[in-house]
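Listed below, chain by chain, are the residues.
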Amino acid sequence: MSRFLFPTEYYDSTYAINFEKYYKEGYDTILFDIDNTLVPHDAMHNEASRELFKRLKSIGFKICFVSNNDEPRVKEFNEEVGAEYIYKAGKPKGQGYINAIRKLKSQRSKTLFIGDQLFTDIWGANNAGLHAILVNPVAPETKFHIVLKRILEYPVKKLYLINHSIKK
């Protein structure tokens with residue numbers, strides 16, 4: 001099995017990540033997937049996501065949402081936190097990630113990407129040469145095409161976990 005689907009790291013949740021540690025290590029930019037990485041599919045911000053973005057901004061991170069969704073969804077989600085965004089990013093191609101890094105005037109070596117899907121998020125972050133963090137989905141899947149992807153992801157995750165332990 002190819003390692004291009006393996007994340008750099010794997011966490012239980014976006015909300016369990018020690019972002020202060022990454023900032024101290026020299027990361028200053030975070031790219032996020034939205035749906036099921038931060039909130040359930042098609043949901044808007046909740047108290048946890050609001051607090052997270054307040055905290056990330058106070059730490060000093062530059063933030064951009066990188067999503068395959070259409071602009072209305074991504075723009076509306078972004079409005080409350082005032083980050084940057086890339087819609088119809090074309091994941092797993094790396095160009096959407098690169099466009100986000102350019103938009104934020106950052107560098108690949110200082111950028112984290114956080115997402116919940118191997119075949120789009122992590123593969124794309126790896127294509128762009130980023131530190132790719134996989135998180136568990138925040139809610140059960142309801143869309144058939146994503147449920148199917150989750151079934152296909154299972155053996156890749158299992159192989160990854162044989163050699164790595166989940167961070168909490």
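See the structure above.
Because the structure is predicted, anything quoted here is derived from the model rather than measured.

So, how was this worked out
Residues numbered from 1 in each chain as written. Predicted model: local features only at pLDDT ≥ 70, side-chain atom pairs only at ≥ 80, totals over all residues. Heavy atoms only, no water. Helix = DSSP H or I, 4+ residues; strand = E, 2+ residues; numbered from the N terminus. Buried < 20%, exposed > 50% of the residue type's maximum accessible area, 1.4 Å probe, protein only. Contact = heavy atoms within 4.5 Å. Polar contact = N/O pair within 3.5 Å; in protein donor to acceptor, adjacent residues only side chain to side chain. Pairing = 2+ DSSP bridges. Axes fitted to C-alpha atoms, helices over the stretch in contact; angles between N-to-C directions. Core = buried A, V, L, I, M, F, W, Y, C linked by side-chain atoms within 4.5 Å. Right-handed = clockwise from strand over helix to strand, strands pointing away. Expected span 1.5 Å × (residues − 1). Arc of directions from axis to C-beta.

In terms of helices and strands, the protein carries 6 helices and 6 strands. When the helices and strands of the protein are listed from N to C terminus, the series reads β-α-β-α-β-α-β-α-β-α-β-α. Within the protein, buried positions represent 48% of all 168 residues. Sequence separation of 24 or more characterises 66% of the internal contacts of the protein that already satisfy a separation of 6 or more.

Below, the discussion takes up the environment of Asn-18. Along the polypeptide, Asn-18 turns up in the loop between strand 1 (9-11) and helix 1 (19-24). A residue is classified by how much of its surface remains accessible, and Asn-18, at 38% relative accessible area, is partly exposed. Polar contacts involving the side chain of Asn-18 include one to the main-chain amide nitrogen of Glu-20, which spans 3.3 Å. A distance of 3.0 Å separates a polar atom in the side chain of Asn-18 from the backbone nitrogen of Lys-21.

Next up on the list: the sheet that holds strand 2 (residues 29-32). For sheets, the rule is that strands pair by backbone hydrogen bonds, running either parallel or antiparallel. The parallel open sheet is built from 6 strands, whose spatial order is 1-6-5-2-3-4. The strands lining the two open edges of the sheet, one partner per strand, are strand 1 and strand 4 (84-86). On average, each strand axis in the sheet is inclined to that of its neighbour by 25°, with strand direction left out of account. Pairing of strand 3 (residues 62-66) with strand 4, which is carried by 3 bridges, proceeds in the parallel orientation. Its bridge partner lying in strand 4, Val-66 is registered against Ile-86.

A separate point is the nonpolar core. Residues Phe-19, Phe-32, Phe-53, Leu-56, Phe-61 and Phe-65 are the most contacted members of the largest nonpolar core, which totals 26 residues. If you list the elements that add at least two residues to this core, you get helix 1, strand 2, helix 2 (47-59), strand 3, helix 3 (71-79), strand 5 (111-115) and strand 6 (131-135). No other element matches helix 2, which puts 4 residues into this core. Sequence-distant contacts of Phe-19, that is, excluding residues within four places in its chain, are made with Thr-14, Ile-30, Phe-32, Leu-52, Arg-55, Leu-56, Ile-59, Phe-61 and Ile-114. Counting residues in hydrophobic clusters, the runner-up holds 22 residues, among them Ile-101, Phe-113, Ala-128 and Leu-134.

Let's shift gears to the pairing of strand 6. In terms of burial, strand 6 is largely enclosed, as 5 of its 5 residues are buried. Burial along strand 6 is two-sided: the face carrying His-131, Ile-133 and Val-135 and the face carrying Ala-132 and Leu-134 are both buried. Where strand 1 and strand 6 come together, 3 bridges link them in parallel fashion. Counted as the bridge partner of Tyr-10 is Leu-134 from strand 6. Pairing of strand 5 with strand 6, which is carried by 4 bridges, proceeds in the parallel orientation. Note on strand 6: the bridge partner recorded for Gly-115 is Leu-134. Running through helix 5 (residues 118-127), the crossover from strand 5 to the neighbouring parallel element strand 6 is right-handed.

A few words now on the side chain of Ser-67. You can see Ser-67 is positioned in the loop between strand 3 and helix 3. Among the residues examined, Ser-67 registers a relative accessible area of 2% and is labelled buried. When sequence neighbours within four positions are dropped, the list of residues in contact with Ser-67 reads Ile-34, Val-74, Ile-86, Tyr-87, Lys-88, Ala-89 and Lys-91.

For helix 2, which comprises 13 residues, the first-to-last C-alpha distance of 18 Å matches the rise-based estimate of 18 Å (1.5 Å per residue) to within 8%. Listed as buried for helix 2 are Ser-49, Leu-52, Phe-53, Leu-56 and Ile-59. The buried residues of helix 2 occupy an angular sector of 125° when projected down its axis, which confines them to one face. Turned more than 90 degrees from where helix 2 packs its buried face, Glu-47, Lys-54 and Ser-58 sit exposed.

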